[in-house]
Amino acid sequence: DGGITQSPKYLFRKEGQNVTLSCEQNLNHDAMYWYRQDPGQGLRLIYYSQIVNDFQKGDIAEGYSVSREKKESFPLTVTSAQKNPTAFYLCASSRGQSSGANVLTFGAGSRLTVL
Amino acid sequence: QKEVEQNSGPLSVPEGAIASLNCTYSDRGSQSFFWYRQYSGKSPELIMSIYSNGDKEDGRFTAQLNKASQYVSLLIRDSQPSDSATYLCAVNAGNMLTFGGGTRLMVKP
């Protein structure tokens, strides 16, 4: 079955450490996205990529980095510069930019806790 | 900045009643509108999309769009306890989706 796989599901990090969240999709989608969700809040866009080897900052990119070396993969690194990284991270993908093609499919999410 | 606003709730309705969820948006250029359901601790799942003014029905769900007034709503008929979740409104203008903060719905048996 096609879908999006995020790992790990739960992650604990000490302050000052970088961590990388994995996101892999086999939907042959062009566009991929990373969102952050805090308790009781909506989704905020961190980074997105519409094509391999290209990505753009979203609304809250500071303290995060991404790469898009393969169509299927869009890992997110939470760096030590992110001052409040404890949150639920969601990866999503969509077919692309054409009208009506931006229906998002989400992965199961990764919950990061800073100790 | 493009904004999507939702009442955070909780909206409490008795089982079998109609639940009405509302969303307003600021960007008049918005073209696509979506409702996602999110259970606690889970990822959002798409339940409705609507692209033109009027109503769109899918089973117990009806999405309503009024571009002139810049609002989109979701009606859930015959609400069930299993409908208890947070409902996220998402609006697209151009290539990006902007999400509202979500409305928490509680359906009481």
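Residues numbered from 1 in each chain as written. Chains lettered and ligands numbered in written order. Predicted model: local features only at pLDDT ≥ 70, side-chain atom pairs only at ≥ 80, totals over all residues. Heavy atoms only, no water.

Draft legend 1. Representation of the sheet that holds strand E7 (residues 64-66) of chain A in the model. All names here are of chain A. Taken in spatial order, the four strands line up as E1-E3-E8-E7 in an open sheet, and their pairing is antiparallel. Edge positions in the open sheet fall to strand E1 (4-7) and E7, since each of these has one partner strand only. For this sheet the average axis-to-axis angle between neighbouring strands, irrespective of direction, equals 20 degrees. (Pairing = 2+ DSSP bridges. Helix = DSSP H or I, 4+ residues; strand = E, 2+ residues; numbered from the N terminus. Axes fitted to C-alpha atoms, helices over the stretch in contact; angles between N-to-C directions.)

Draft legend 2. How the structure looks around the sheet that holds strand E1 (residues 4-5) of chain B. Residue and element names in this part refer to chain B. Read from one edge of the open sheet, five strands run E1-E3-E8-E7-E6, paired in antiparallel fashion. The open sheet has two edge strands with one neighbour each: E1 and strand E6 (54-58). Pairing of strand E3 (residues 19-25) with strand E8 (residues 71-76), which is carried by six bridges, proceeds in the antiparallel orientation. Directly across from Thr 24, in E8, lies its bridge partner Tyr 71.

Draft legend 3. How the structure looks around unusual backbone geometry. Of note, the amide linkage connecting Ser 7 of chain A to Pro 8 of chain A takes the cis form, showing an omega dihedral of -10 degrees. Here Pro 8 of chain A shows up in the loop between E1 and strand E2 (10-13). The linkage connecting Gly 9 of chain B with the following residue, Pro 10 of chain B, adopts the cis geometry, with an omega of 10 degrees. Mapped onto the elements, Pro 10 of chain B comes out in the loop between E1 and strand E2 (11-14). Of note in the backbone geometry, Gln 70 of chain B takes a positive phi value of approximately 60 degrees without being a glycine. Residue placement: Gln 70 of chain B occurs in the loop between strand E7 (61-66) and E8.

On their own, these measurements won't tell you what the molecule is for.
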